[in-house]
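Topology and contacts: notes
So the chains spell out like this:
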Amino acid sequence: MHDPATDALTDVQTEALISHIRTRYHDTHRREFPDLIRLARKVETTHATDPNTPHGLTHALEVMIAELEAHMHEEEEIIFPAARTGAAGLATAAIPGLRSAHDAHEAALNQIAAITHGFRLPLNACRSWRRLYHGLGKLAEDLDEHIYLENEVLFPRLGTQA
């Protein structure tokens, strides 16, 4: 869900919006994913016999970050330069695929929510497990904001609703 601070970004200049998306979302995802993967691996290993353990979470996160990294790279190499210069061309053609990738990221988050039983911690959850679920909640919020800004604010500036 987007918040009023995000809504305020709909009125900012394109360059400022791109800078915000890169620093607030792309850089944050790249910085935080390794710790989430490390914590997931630790929880899955340490609590392997606990029925509440989010088995498969490490793999789901590894797949998600690989797909997200490729997606962010495409945005940084194609969409952002086109948005800065106003030359939609190739960027316009890429937008439907990027929107589809956004849908896939949301589906990956839904899979993670299923693996984690809706991010519900068991009563005996250790500190690492708590940090992991807190980080996953932040990831879900960040990705929702990130997708909103691109789909509803940035992409339309390229002259397409594709």
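Residues numbered from 1 in each chain as written. Predicted model: local features only at pLDDT ≥ 70, side-chain atom pairs only at ≥ 80, totals over all residues. Heavy atoms only, no water.

Right, let's talk about the nonpolar core for a bit. With 25 residues, the main nonpolar core has Phe33, Leu57, Leu61, Met64, Leu132, Leu136 and Leu139 as its most contacted residues. Residue assignment for this core shows that the elements contributing at least two residues are α2 (14-46), α3 (57-85), α4 (89-115) and α5 (127-157). Counting residues in hydrophobic clusters, the runner-up holds 17 residues, among them Ala83, Ala91, Phe155 and Leu158. (Core = buried A, V, L, I, M, F, W, Y, C linked by side-chain atoms within 4.5 Å. Buried < 20%, exposed > 50% of the residue type's maximum accessible area, 1.4 Å probe, protein only. Helix = DSSP H or I, 4+ residues; strand = E, 2+ residues; numbered from the N terminus.)

Along an α-helix, a turn takes 3.6 residues, which lines up residues three or four apart on a common side. Given a rise of 1.5 Å per residue, 33 residues ought to cover 48 Å, and the 46 Å separating the end C-alpha atoms of α2 matches this to within 8%. Where α2 bends most, at His29, the angle is about 30°. (Expected span 1.5 Å × (residues − 1). Bend = angle between axes of the 7 residues up to and from the residue.)

What follows deals with unusual backbone geometry. Both trends apply: most residues other than glycine have a negative phi, and most peptide bonds are in trans. The phi angle at His117 is positive, at roughly 55°, despite the residue not being glycine. Note on His117: relative accessible area 33%, which makes it partly exposed.

So, on to the pattern of salt bridges. A full pass over the atoms with the stated rule returns nine salt bridges. Between Glu69 and Arg30 there is a salt bridge whose closest N-O contact spans 2.8 Å. Here Glu69 is found in helix α3, whereas its partner Arg30 is found in helix α2, with 39 residues between them in sequence. With relative accessibility at 29%, the residue Glu69 sits in the partly exposed group. What emerges from the salt-bridge pattern is a single network uniting Arg22, Arg30, Glu69 and Glu76. (Salt bridge = Lys/Arg side-chain N within 4 Å of Asp/Glu carboxyl O.)

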